[in-house]
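Chain residues, written in single-letter form:
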Amino acid sequence: MSEILFEPFRIKVVEPIKMSTREEREIFIREAGYNVFNLRAEDVLIDLLTDSGTSAMSQEQWAALQTGDESYAGSKSFFALESIAKEIFQKHTIIPVHQGRAGEHLVFSTLVSEGDIVPSNSHFDTTAANVADNGGNPVNFQIEEALDASCWHPFKGNMNIEKLEKLLETESEKVPFVVLTITNNAGGGQPVSLANVKQVADVCEKFDKPLLIDACRFAENAYFIKKREEGYSDWSAKEIAQEVFRYASLVTFSAKKDALANVGGLVCLDDADLAEKLKNRLIVTEGFPTYGGLAGRDLAAIAQGLKEVLDENYLRYRLRTIEWMVERLVDNGVPVVVPAGGHAFYLDVARFLPHLSAEQLPGIAIVVELYVRGGIRAVELGHVAFGKQLDSGCDMHPRLDLVRFAMPRRVYTEAHAGYVVEQIIRLYHDKDNVKGYRFYFEAPVMRHFRSTFAPLVPGTSHGVSFYHT
Ligand SMILES: Cc1ncc(COP(=O)(O)O)c(C=O)c1O
């Protein structure tokens, strides 16, 4: 058996990367208000902004697009999707939506009321925003190990059971359901063990609460269980995924991740009364329940993607890619969240740029520098994304300040991965020369998407903006 694990696919269609110079990128980022979300994608060399909707589809998915049935109602592509989704997610009703957050909106606007509390192992930004948008309070109950980027734990995505029980013992009537995100994206792409899924389900049963699984990366989570949890090495990734979903009452799913599709999402459930309510609401917001805001061809591509994603050769390569990058970063002393996540690796910002305070937005500084120096696009998931200014004027910081590098599925090769690692190591060696940033425009919610920034000018308390002048 060879030590070399190669990409388990051949490349048949190529998309050229437009090359740019450092000088050009300095102009592009200034014009973008130092927010990489404002860049034109063609001005990025290696785009690790997100793994969402960025997968390369297989030849079978492209073929499925051609045969997509565009009927308004009862499309055969819907039934193909329903069939594979029922098999994996183990639920009677499958409702398509145009992307994950549309499913969250559908469910949360039906189940969450003003003053509710929605606990999770780790809400992603859109789930947290959808809870808050309906007057609820999203709370995260991570295990202690998850809050230490350098602590090695096989299932850092696990829910803190003690905290969950405590909340339900005291404020059960305010909790409409419990959310388990697999894998957890906000905290490092870390998996949840099957033991933890069962424990959470037991607590939910005790307090008569539905368990909602946010299943974006269910296949990656299943393969982590196979590799790391005792008792599952002989199970297939598919059997593990099915077992996980048996414990859920509701599933929300973004097909832009582990369905290897570029758009789409699902809500899956057994509760017939709730399904009725959701379908009626769906018609107002997304469309008829057999297309849910998607074209028939999209339904077909998602169905085919769901058939492919549990292939263990694919999953082995997928998880190993991130692990390989993390190993090289660790070997070179770069502070990175360990163990490696499933879809991304995350730099530990506070240890990467210890000379900058949280107010000097070190995560933004790393993201901007890597773009300028290497043309790489990553995303800040720390103080800017998850922090906020309290009414008192004080800043509230999240426990982890991270920069995420998310790998699109089946898109980049080992040489691309090697280049990214090399650029990060070089930046780390030159970290003392990296300057801070400040907000120029602060967006009211999910600040990382739409805020703009200005570099801090050494020797002054504020920076100069080149953007809105
Ligand atoms: C864990 C998690 N939940 C929900 C979503 C929302 O999915 P979508 O982008 O399809 O709306 C995301 C997207 O990144 C996610 O990572």
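Visitor: Break down the layout of surface pockets for me, citing the residues and quoting the values.
Guide: Considered as a void within the structure, the second largest pocket measures approximately 970 Å³ in volume. For the second largest pocket, the lining is made up of 36 residues, of which Asn140, Ala385, Phe386, Gly387 and Met396 are closest to its centre. At the level of secondary structure, the elements contributing two or more residues to the lining of the second largest pocket comprise helix H5 (125-133), strand S4 (137-140), helix H15 (383-386) and strand S12 (388-389). Of the residues forming the lining of the second largest pocket, the biggest block, five residues, is contributed by H5. Looking at the lining of the second largest pocket residue by residue, the class counts come to 20 nonpolar, eight polar and eight charged.

Visitor: Can you lay out the packing of helix H2 (residues 59-66) against helix H11 (residues 296-308) for me, pointing to particular residues and giving the numbers?
Guide: In the contact formed by H2 and H11, the axes pass within 8 Å of each other and the chain directions differ by 155°. With respect to their mutual orientation, H2 and H11 come out roughly antiparallel. Crossing angle aside, the handedness with which H2 passes H11 is right-handed. Only Arg297, Asp298, Ala300, Ala301, Gln304, Gly305 and Glu308 of H11 make contact with H2, whose side of the interface consists of Glu60, Gln61, Ala64 and Leu65. Here the contact of H2 with H11 is built from residues that sort into four nonpolar, three polar and four charged.

Visitor: Could you give me a rundown of empty space enclosed by the protein, with the residues and numbers involved?
Guide: Throughout the structure, instances matching the rule amount to two cavities of 30 Å³ or more. In this structure, the largest cavity spans a volume of roughly 70 Å³. It is helix H14 (residues 362-374) that provides the largest number of residues to the lining of the largest cavity, a total of three residues. Looking at the lining of the largest cavity residue by residue, the class counts come to nine nonpolar, two polar and one charged. There is about 50 Å³ of room inside the second largest cavity. Taken together, Tyr317, Arg318, Thr321, Ile322, Met407, Pro408, Arg410, Val411 and Tyr412 make up the full set of residues lining the second largest cavity. Per-class residue counts for the lining of the second largest cavity are six nonpolar, one polar and two charged.

Visitor: Describe the sheet that holds strand S11 (residues 379-381), and please don't skip the residues or the numbers.
Guide: Spatial strand order, S9-S14-S11: three strands in an open sheet with antiparallel pairing. The two strands at the open ends of the sheet, each matched to only one other strand, are strand S9 (344-348) and S11. Sheet twist, expressed as the average angle between the axes of neighbouring strands with direction ignored, equals 35°.

Visitor: Explain the site of the ligand residue by residue, including any values.
Guide: Within the structure, the ligand sits among 15 residues, and Gln99, Arg101, Asp214, Ser254 and Lys257 are positioned closest to it. At 2.8 Å, a side-chain N or O of Asn185 approaches an oxygen atom of the ligand. Sorting elements by how many residues they give to the shell around the ligand places helix H4 (residues 100-111) first, with three residues.

Visitor: Give a detailed account of the packing of aromatic side chains, specifying residues and quantitative values.
Guide: For any pair of aromatic rings, the description rests on two quantities: the centre-to-centre distance and the angle between the ring planes. Under the criterion given, the structure shown has 17 aromatic pairs. Geometrically, the ring pair formed by Tyr72 and Tyr291 is edge-to-face, given 4.9 Å between the ring centres and 65° between the ring planes. Of this pair, Tyr72 sits in the loop between H2 and helix H3 (76-89) while Tyr291 sits in the loop between helix H10 (272-285) and H11, and the two are 219 residues apart along the sequence. Counting every residue linked through ring pairs, the aromatic cluster contains Phe89, Phe218, Phe245 and Phe253. The aromatic ring of Tyr428 is capped on one face by Lys431, whose charged end is 4.6 Å from the ring centroid.

Visitor: Before we move on, can you summarise a negative patch on the surface with the specific residues and values?
Guide: On the surface, Asp270, Asp271, Asp273 and Glu276 cluster together to form a negatively charged patch. Topologically, Asp271 is positioned in the loop between strand S8 (265-269) and H10.

Visitor: Tell me about unusual backbone geometry, and name the residues and values.
Guide: Glycine aside, negative phi is the norm for most residues, and most peptide bonds take the trans geometry. That bond from Ile182 to Thr183 is cis: its omega, -20°, falls within 30 degrees of zero. Along the chain, Thr183 falls in the loop between strand S5 (178-181) and helix H7 (194-206). At the junction of Val338 and Pro339, the peptide bond is cis and its omega measures out at -5° in the coordinates. When you line up the elements, Pro339 lands in the loop between helix H12 (312-331) and S9. In this structure, Tyr34 is a non-glycine residue whose phi angle is positive, near 60°. Note on placement: Tyr34 falls in the loop between helix H1 (22-31) and strand S1 (46-47). By relative accessible area, Tyr34 is classed as buried at 9%.

Visitor: Would you mind going over the nonpolar core in detail, with residue names and values included?
Guide: The biggest cluster of nonpolar side chains holds 64 residues, and the ones touching the most others in it are Phe89, Phe218, Phe245, Phe253 and Leu306. Looking at this core, you find at least three residues from each of domain 1 (22-51 + 311-454) and domain 2 (59-308). If we skip the residues at most four places from it in the chain, Leu306 touches Leu81, Ile84, Ala85, Ile88, Phe89, Phe218, Phe253, Asp258, Ala259 and Leu266. Val326, Val338, Leu381 and Tyr437 belong to the second largest nonpolar core, which has 62 residues in total.

Visitor: Summarise the domain arrangement of the protein; cite the residues concerned and give the values.
Guide: When the domains of the protein are assigned, the result is domain 1 (22-51 + 311-454) and domain 2 (59-308). One C-alpha centre belongs to domain 1, the other to domain 2; they are set 26 Å apart. Each side of the interface is counted separately: domain 1 has 30 residues, and domain 2 has 35 residues. The junction of domain 1 with domain 2 conceals about 2700 Å² of combined surface from both sides, 58% of it contributed by carbon and sulfur atoms. Linking domain 1 with domain 2 are six salt bridges, by the criterion used here. Inspection of the region where domain 1 meets domain 2 yields 18 residue pairs in polar contact (both at pLDDT 80 or more). Take the side of domain 1 that touches domain 2: its biggest share by element is six residues, from H12. Among the residues forming the side of domain 1 that touches domain 2, the class breakdown is 15 nonpolar, four polar and 11 charged.

Visitor: Could you give an account of the side chain of Glu243, with specific residues and numbers?
Guide: Within the element layout of this structure, Glu243 appears in helix H9 (residues 237-246). For Glu243, a relative accessible area of 14% gives the class buried. Contacts of Glu243, omitting those with residues within four sequence positions, involve Leu194, Lys198 and Trp235.

Parameters at a glance
- Residues numbered from 1 in each chain as written.
- Predicted model: local features only at pLDDT ≥ 70, side-chain atom pairs only at ≥ 80, totals over all residues.
- Heavy atoms only, no water.
- 1 Å grid on protein atoms, 1.4 Å probe; cavity = no way out; pocket = protein on both sides within 12 Å on 5 of 7 lines; lining within 4 Å.
- Points joined across faces, edges and corners; volume = space filled by probe spheres on them.
- Helix = DSSP H or I, 4+ residues; strand = E, 2+ residues; numbered from the N terminus.
- Nonpolar A, V, L, I, M, F, W, Y, C, P; charged D, E, K, R; others polar.
- Axes fitted to C-alpha atoms, helices over the stretch in contact; angles between N-to-C directions.
- Parallel < 35°, antiparallel > 145°, perpendicular 65-115°, else oblique.
- Left-handed = near helix turned anticlockwise from the far one by under 90°.
- Contact = heavy atoms within 4.5 Å.
- Pairing = 2+ DSSP bridges.
- Near = heavy atom within 4 Å.
- Polar contact = N/O pair within 3.5 Å; in protein donor to acceptor, adjacent residues only side chain to side chain.
- Phe/Tyr/Trp six-rings, centres within 6.5 Å; stacked < 30°, edge-to-face > 60°.
- Lys NZ or Arg CZ within 6 Å of the ring centre and 35° of its normal.
- Patch = residues over 30% accessible without salt bridge, like charges linked within 9 Å, V, L, I, M, F, W, Y side chains within 5 Å.
- Areas by Shrake-Rupley, 256 points an atom, 1.4 Å probe, with all protein chains shown as cover.
- Salt bridge = Lys/Arg side-chain N within 4 Å of Asp/Glu carboxyl O.
- Lys, Arg positive; Asp, Glu negative; His and termini not counted.
- Charge placed at Lys NZ, Arg CZ, Asp CG, Glu CD.
- Buried < 20%, exposed > 50% of the residue type's maximum accessible area, 1.4 Å probe, protein only.
- Core = buried A, V, L, I, M, F, W, Y, C linked by side-chain atoms within 4.5 Å.
- Domains from an automatic or database assignment.
- Buried area = accessible area lost by both parts, 1.4 Å probe.

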